[in-house]
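# Structural overview
Here is how the chains run, residue by residue.
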Amino acid sequence: LSPQQRLQAQLLDHTLSARAVEMEPEGYFLLGVDKKARTLTASFYSSILDAQGRVCDLKGHPIPCHAGSAAPALKTWAARTAKEMAVEIFERWEECPVKRLHHAAYIGREVQRAEHCLFNGLDYVQD
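The following paragraphs examine the structure supplied in this document. Model, not experiment: these values are computed from the prediction.

Reading the values: rules and limits
- Residues numbered from 1 in each chain as written.
- Predicted model: local features only at pLDDT ≥ 70, side-chain atom pairs only at ≥ 80, totals over all residues.
- Heavy atoms only, no water.
- Salt bridge = Lys/Arg side-chain N within 4 Å of Asp/Glu carboxyl O.
- Buried < 20%, exposed > 50% of the residue type's maximum accessible area, 1.4 Å probe, protein only.
- Pairing = 2+ DSSP bridges.
- Helix = DSSP H or I, 4+ residues; strand = E, 2+ residues; numbered from the N terminus.
- Axes fitted to C-alpha atoms, helices over the stretch in contact; angles between N-to-C directions.
- Contact = heavy atoms within 4.5 Å.

## A closer look at the pattern of salt bridges
- Per the stated rule, a full pass over the model turns up five salt bridges.
- Here Arg80 and Glu84 are joined by a salt bridge, their closest N and O atoms 2.9 Å apart.
- According to the relative accessible area criterion, Glu84 is partly exposed, its value standing at 21%.

Have a look at this one:
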């Protein structure tokens, strides 16, 4: 890509990241990279959506995006590759609550980005 095409792609990606998306009603994922263990990480947290569509803990208190979860993760994974993580979450987890295709696609994109960061020694921040 030319520098101009790359900039256009970055602007498009930024715009798409800011769009409103419907959350999974049963919970959310936090993804990461464990540089020391050289693995990708994923944790699933149970949550509910309130009448305004906000993600809340199981007691109904909104969970701010910038704060850590007060509740322990319902399930956690460590994987060596994005493909291994996708298989663990979507194929081997019988109770997988992901029902929305856009959420599954998002998780796949994010795990792929995390893998790129892991393999290239870069910091990963979930979108």
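Okay, back to it.
## Observations regarding the sheet that holds strand β5 (residues 75–79)
- The three strands lie next to each other as β1-β2-β5, forming an open sheet whose pairing is antiparallel. Edge positions in the open sheet fall to β1 (27–34) and β5, since each of these has one partner strand only. Direction aside, the axes of adjacent strands within the sheet are offset by 15° on average.
- Summarising the sheet, β1 and strand β2 (residues 39–46) pair through eight bridges and their orientation is antiparallel. Each residue of the ladder has a partner; that of Asp34, found in β2, is Thr39.
- Here helix α2 (residues 82–92) sits on the sheet in contact with β1, β2 and β5, set at roughly 150° to β5.
- Its contacts with the sheet place helix α3 (residues 101–120) against β1 and β2, and it is angled at close to 10° to β1.

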